[in-house]
Amino acid sequence: MKMEYILIKKEDVKIYKEKNKTIYKILPSSFELINDNFENVEVEKIKDNKDKLFRSNWEGSFYSNQIKANFSIKQYSKQKLSYLTIYIKGNNNIGTMELIDNDINKIMSNYYIVITSYDCISEFYCNKIYNKLNRFERKLRELLFDIYTFHYGLNYYDQKFSNDLKEKIKTDKSIYSESRSVEKIKQALYELTYNDINDLLFTPKWLDEDNKNKVKMITKLHNENLSQQELIEIVENVKPKSDWERLFLPYIGEIEGFQETINELRELRNRVAHCKFFRQQHYDRCLGILKVAQKELDKALKEVMKIDFQKLNADYTNNQFHTTIEMVTKSLREFGETLNNYSKQVISATQLSIANIIKESLSNLKPPSINSDMFNYKYTKTTIKGFKLLKNKKYIKKKK
């Protein structure tokens, strides 16, 4: 295990001013501070004794908590800084390394600005907690996938992801190679940070179904005499809801302080992910949160799997059947009405057409001209009381 420090020397401390003189105290070297504050300090001798007065490198060892630690110091006079390395064999002496780190910062800080350039303590605790963070995050995404696909199926990405979130989604072609739209459905929740998950789950929003509920509420308020408590309940139900309230709570129940848990885990996880300071107090806090949150997640996933899919499928099929019958009945009724109207229009058009045909035919019809040559009749003139009558000779009976 190894800790690396950069010690930047502060200005010499002014002790007092006498007449025209200012007295300064020369700050002790980093080696002097180690030599004065640790047990059994040993230093390797340099080969050339001529350079002993100007020595800038030290290598040696000391004891802390009965554990031997090796150290090296390299001074750089121009920038007034030193490079300090502390090394302990084995990976089981994290407690001793923490004690040494605490002592180094305590004894050096009065004279040096102490920068930890390599932090094996944080490395140790980051490695120790990472698997637990990894497992929790994967279970959280599993729960998100289960609930969102349960409610929205293939459309969960289009319906629940805001345009801002969609802009962040980058698919990993090295994992799968389907179309981009399909890959977004498969990988979208893996691309979300804790901050994105917090926005997705806990931001209240209006949906189309909420607008329908508002209309129902107005109708109910208009038609029924309701108590004050009933009015409060109705108003509470017709407010913008987060996905957590709308989709998750009905199935998995309340998880106390879950949003605060996600936010605190986000901060701790960022320390791990970005290799920041992550010491035992951070580890203990993160572990405590994960134990509770992991238990709640496992319980939530069990509740999701307990959903009576048989009943839901039966209800859905029944509803679909009735919906289909209603749609077919409506379609047939609309078709009948359309056909009836069409028939009336056709009949009216037919009647009108026939009338027009008759009218046009009559207008073109001319009375036939009658010519006497058309008949082989001979007529005789007969006068009866002053009237002349024509008599067809053909039909006159001759007397014998």
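Residues numbered from 1 in each chain as written. Predicted model: local features only at pLDDT ≥ 70, side-chain atom pairs only at ≥ 80, totals over all residues. Heavy atoms only, no water.

Structural notes on the overall build of the protein chain
Applied cut-off: The helix and strand labels rest on DSSP assignments: H or I over at least four residues marks a helix, E over at least two residues marks a strand, and numbering proceeds from the N terminus. Whether a residue is buried, partly exposed or exposed follows from its accessible area with a 1.4 Å probe, protein chains only, as a fraction of its type maximum: under 20%, in between, or over 50%, in that order. What makes two residues a contact is simply this: any of their non-hydrogen atoms within 4.5 Å. Residue exposure ignores everything except the shown protein chains as possible cover, and the areas themselves are Shrake-Rupley values with a 1.4 Å probe.
Assigned secondary structure in the protein chain consists of 13 helices and ten strands. Residues classed as buried in the protein chain amount to 28% of the 400 residues present. In the protein chain, 62% of the contacts between residues at least 6 apart in sequence involve partners at least 24 apart. With an accessible surface of roughly 29,100 Å², the protein chain has 51% of that area assigned to carbon and sulfur atoms.

Observations concerning the environment of Ala293
Positionally, Ala293 belongs in helix 12 (residues 280–305). Here Ala293 falls in the buried class, since its relative accessible area comes to 5%. Apart from residues no more than four positions distant in its own chain, Ala293 is found in contact with Phe136 and Thr261.

So, the pairing of strand 1 (residues 2–9)
Counted only if it meets this: Two strands pair if DSSP finds at least two bridges between them.
Judged from the seven bridges that link them, strand 1 and strand 7 (residues 81–87) form a sheet pairing that is antiparallel. The partner of Ile8 across the bridge, within strand 7, is Leu81. Across seven bridges, strand 1 lies against strand 8 (residues 112–119) in antiparallel orientation. Its bridge partner being in strand 8, Tyr5 is matched across the sheet by Thr116.

As for helix 12
Heads up, the rule is: One less than the number of residues in a helix, times 1.5 Å, gives the span that helix is expected to have.
For helix 12, with 26 residues, the first-to-last C-alpha span of 37 Å sits near the 38 Å given by 1.5 Å per residue. Looking at helix 12, one finds that the buried residues are His282, Tyr283, Cys286, Leu287, Ile289, Leu290, Ala293, Gln294, Leu297, Ala300, Leu301 and Val304.

Considering the nonpolar core
Stated formally: Nonpolar cores were defined as sets of buried Ala, Val, Leu, Ile, Met, Phe, Trp, Tyr and Cys residues, with membership established by side-chain atoms within 4.5 Å.
Among the nonpolar cores identified, the biggest contains 75 residues, and Leu84, Ile86, Met108 and Phe248 are the most heavily contacted of them. Counting residues per element, this core draws most heavily on helix 3 (residues 120–152), which supplies 14 residues. Setting aside residues up to four positions removed in sequence, Ile86 forms contacts with Met1, Lys2, Met3, Tyr5, Phe62, Ala69, Asn70, Phe71, Met97 and Ile100.

Thoughts on the packing of aromatic side chains
What counts here: Under the pairing criterion, centres of Phe, Tyr and Trp rings, with the six-membered ring standing for Trp, must be within 6.5 Å; the plane angle then separates stacked pairs below 30 degrees from edge-to-face pairs above 60, leaving the rest tilted.
Going through the model one piece at a time under the given rule, you end up with 13 aromatic pairs. Aromatic pair Tyr148 and Phe248: ring centres 5.8 Å apart, planes at 75 degrees, arrangement edge-to-face. You can see Tyr148 sitting in helix 3 and its partner Phe248 sitting in helix 10 (residues 243–252), a full 100 residues away along the chain. Taken individually, Tyr148 and Phe248 each receive the classification buried, so the pair is uniform in this respect. Ring centres 4.9 Å apart and planes at 10 degrees place the aromatic pair Trp244 and Phe258 in the stacked group. One end of the pair, Trp244, is in helix 10; the other, Phe258, is in helix 11 (residues 258–273), with 14 residues separating them in the sequence.

A short note on the pairing of strand 5 (residues 57–64)
Sheet topology places strand 4 (residues 39–43) next to strand 5; three bridges connect them, and they run antiparallel. Its bridge partner being in strand 5, Glu39 is matched across the sheet by Tyr63. Where strand 5 and strand 6 (residues 67–76) come together, eight bridges link them in antiparallel fashion. Bridging from a neighbouring strand, Trp58 pairs with Ile73 of strand 6.

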